[in-house]
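# Survey of secondary and tertiary structure
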Amino acid sequence: MSRRQRRAALIVAGVAVLCSAALLVAFALRDTIVFFHTPKEVMEKAIPPGKRIRLGGLVAAGSVRRGEGLTVEFAVTDTASTIPVRYTGILPDLFREGQGVVTEGVLDASGRFLADTVLAKHDETYMPPEVAKALKEQGVWKQPGEGGRAR
Amino acid sequence: MITELGHFALILALAVALVQAALPAWGARVGDARLMAVAEPAALAQLGLVALAFLALTRAYLVSDFSVESVWANSHSAKPLLYKISGVWGNHEGSMLLWVLILALFGAAVAVLGTNLPPTLRANALAVQAGIAVAFLLFIVLASNPFTRIPVQPEGRGLNPILQDPALAFHPPFLYAGYVGLSMAFSFAVAALLEGRTDAAWARWVRPWTLAAWMCLTLGIALGSWWAYYELGWGGWWFWDPVENASFMPWLAATALLHSALVMEKREALKVWTILLAILAFSLSLLGTFLVRSGVLTSVHAFAVDPRRGIFILAILAVLIGGALALYAWRAPRLQPGGLFAPISREGALVLNNVLITTGCATVLIGTLYPLALETLTGAKISVGPPYFNLTFVPLMLPLLLAVPVGPLLAWKRGDLPGALQRLWAAGLAALVATVAAYAAVRRGPWLAPFGIGLGVWLVAGAAVEWTTRVKLLSASGAEAMRRARNLPRSAYGTALAHAGMGLTVIGIVATSAWQSEQVAAMKVGDRIELAGYELTFRGVAPARGPNYQEQVGLLAVTRGGAPVAELAPAKRLYDAPRQSTTEAAIHVSAAGDLYAVLGDETRDGAFVVRAYFNPLVRLIWIGALVMALGAALSLSDRRLRIGVPRRARRASAVPAQ
């Protein structure tokens, strides 16, 4: 093979790999991504039950009820709307009423959110960026660290 | 006073870096040896000054000087000594200072060890290295100064408790040594482009630095993953989190660069590609720094949520990456193309490696940046999680891993594929046996998983076959094989070890992902759950007190078939400062895997939620990474690869390896 043919073979092989990768990426991005919504958006957009989404907001004050077993019920709010959530399992360390939270799961037919994942936070001042942004838009954002964190 | 001295040293280092970035490069251009000679003392002075600044900051942490903002915000007088030290880089400002310290260290290493380099190449490389230092020193001095003073505070706010951990104390230094080590490849690539020529000697120079960086990066990522596994209490070891991807992408690029630099060194081929890869590898390191430090992604790593800093790092990114790529577009066509090779050859195999790894890296990049791009463009907020990466990255790696044992058995220039496959029959057999055995032993989980185990065994056995072929263990006499084994270059052992380590990691990943079992239960005293052949009996919860935390310790008695095996004590801790709770998983390690237990909240009726996992062979993931790093270390100790060996010495010892 001449230099030219070899180079052509190389380029064809490279393009073939790139094309298959592009196909995989296009396919995966269509099917595997999960959209993030605030309670208000969930109410407005009529998200079909069974579609996997992330729901984020604040854990509504006074809403956390632990069941007999592993099930925990609470409500996620962005102050405009509130969605009841049911979750079975261990809650992250910093799960608290009034704190930001992101949950992942599906809506059931009655409009309740069945979460299978409650995202852990690493730090008490941490606010999931989506939640922070949504809360800012709602006008209820409070800068983290405000209110006596510095002792 | 000492703090101000450190601050002053930092500004002085910036001035020195400016000189080092300008004069030697100018000298190389006009051919003035005196100007070029400035680089060496400047690089050493820069290291001295940055080290002084770093020591000053470390001292402030050690004596708990709460008039320094960074110390006040991230330390506490009652913190154990190790975490006072690791607290220096456990925050944004200090970690950037560590970044620059390592950068200066690499620059000084070139100045000291690079006496055999062509003078213009050395001057240019050191100038580029100083250019990077200027950008980051400016960033530190202007936008994230660790020496900022505040009115003295009585007590510090403490370090985030999940960062108070031995693995995490060493995770950042290793990771940064890896990130920043790739700056050497970058500086040499830009220097080669400035000179308009590059050759095998260039690759011989760049490869050890890349190898050292790759080794540190491997260890840093492994430490981070190990920490996430036992500290975060999720029972997982990798989450395809954007910050993890930020460190994984440079690792992939560095892996590709190692292999393509090999082709360039041995055959003078792939020059233009290798230079590009060197630029890209460091660009991905910078991108990683940007993603992690800018606050674009919020996570445990995002210390900085100050948008000004993000824009500053973005500007550094644009100037360095954009500048290097523009220079590449301008000068790369001038580089002479190198040796020819057939598609089936060692070079061909290494090209395949490069194509697949860089494509895989691109899919990771897309998965990491797509949410950011989509939100910027449409406002829609999405998350790209493990399913995406399993669908894109994993399929691309499968052919690569299949090809790994074949590559080293192919000859340079034109290889004999049937011959290589024939020599690998034993490895193929081992892989087949492992596949069947895995299927017979488990009989559940995804049907592909046993093939994954077979793939891992194929890698390990393939590395063994490569070694036995090289030393003619089976065809020559014992004494001859011994002699060959002794004379085999250490880099050959390094390659075999690294490939075998990859195989171990693959086995660990496949086994854990496919066959992890999990139990969650609300347990009262005396309750029992069964998991993977173990019985776990809950014995209750007791309070305890640590040096700077209070904890609730659960006790689980573990038995197997009635015989006691271990006691697990998972805990929930509440730290004094900051008042934050953490989960401490309890892990019982055995050859078959890890029994992993986490204590959850108390339920209304007085039971405790307990989550237990069995993670089969999970340790192999990190053992494999260690073996890979060991392979790199062995290669680095090879006389022919050693940094600073004169060029002629290599030719004298260039015995054919096969």
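### Quick notes on the sheet that holds strand 11 (residues 608–616) of chain B
Residue and element names in this part refer to chain B. Read across the sheet, four strands follow the order 2-11-10-9 without closing on themselves; strand pairing throughout is antiparallel. At either margin of the open sheet sits one strand with a lone partner, and together these are strand 2 (517–523) and strand 9 (586–589). Each strand of the sheet is rotated relative to its neighbour by a mean of 15°, with strand direction disregarded. Two strands pair when backbone bridges link them, and strand 2 and strand 11 are joined in this way by seven bridges, in the antiparallel orientation. Within strand 11, the residue paired with Val520 across the bridge is Arg611.

### Details of the packing of helix 10 (residues 242–267) of chain B against helix 13 (residues 346–378) of chain B
All names here are of chain B. With their axes 9 Å apart at the nearest point, helix 10 and helix 13 run at an angle of 160° to one another. Taken together, the axes of helix 10 and helix 13 are roughly antiparallel relative to one another. Where helix 10 crosses over helix 13, the two elements pack in a sense that is left-handed. Looking at the contact of helix 10 with helix 13, its residues break down into 13 nonpolar, nine polar and two charged.

### Remarks on the domain arrangement of chain B
All names here are of chain B. Split into domains, chain B comes out as domain 1 (165–225 + 238–397) and domain 2 (398–514 + 621–628). Its C-alpha centre places domain 1 at a distance of 26 Å from the equivalent point of domain 2. Counting from both sides, the interface comprises 19 residues of domain 1 and, opposite them, 18 residues of domain 2. Looking at the side of domain 1 that touches domain 2, the elements that each hand over two or more residues are helix 9 (200–231), helix 10, helix 13 and helix 14 (386–403). Tallying contributions element by element places helix 13 first for the side of domain 1 that touches domain 2, with eight residues. Per-class residue counts for the side of domain 1 that touches domain 2 are twelve nonpolar, three polar and four charged.

### Remarks on the interface of chain B and chain A
At the interface, 44 residues of chain B touch 37 residues of chain A. Within the residue set of the side of chain B that touches chain A, elements represented by two or more residues are helix 13, strand 1 (382–383), helix 14, strand 2, strand 8 (581–584), strand 10 (593–602) and strand 11 of chain B. Grouping the constituent residues of the side of chain B that touches chain A by class yields 24 nonpolar, 14 polar and six charged. As defined by bridge partners, strand 1 (residues 34–37) of chain A adjoins strand 1 of chain B across two bridges and the pair is classed as antiparallel. The residue bridging Phe35 of chain A from the neighbouring strand is Ile382 of chain B, located in strand 1 of chain B.

Parameters and conventions
Residues numbered from 1 in each chain as written. Chains lettered and ligands numbered in written order. Predicted model: local features only at pLDDT ≥ 70, side-chain atom pairs only at ≥ 80, totals over all residues. Pairing = 2+ DSSP bridges. Helix = DSSP H or I, 4+ residues; strand = E, 2+ residues; numbered from the N terminus. Axes fitted to C-alpha atoms, helices over the stretch in contact; angles between N-to-C directions. Parallel < 35°, antiparallel > 145°, perpendicular 65-115°, else oblique. Left-handed = near helix turned anticlockwise from the far one by under 90°. Nonpolar A, V, L, I, M, F, W, Y, C, P; charged D, E, K, R; others polar. Domains from an automatic or database assignment. Contact = placed C-beta atoms within 7 Å.

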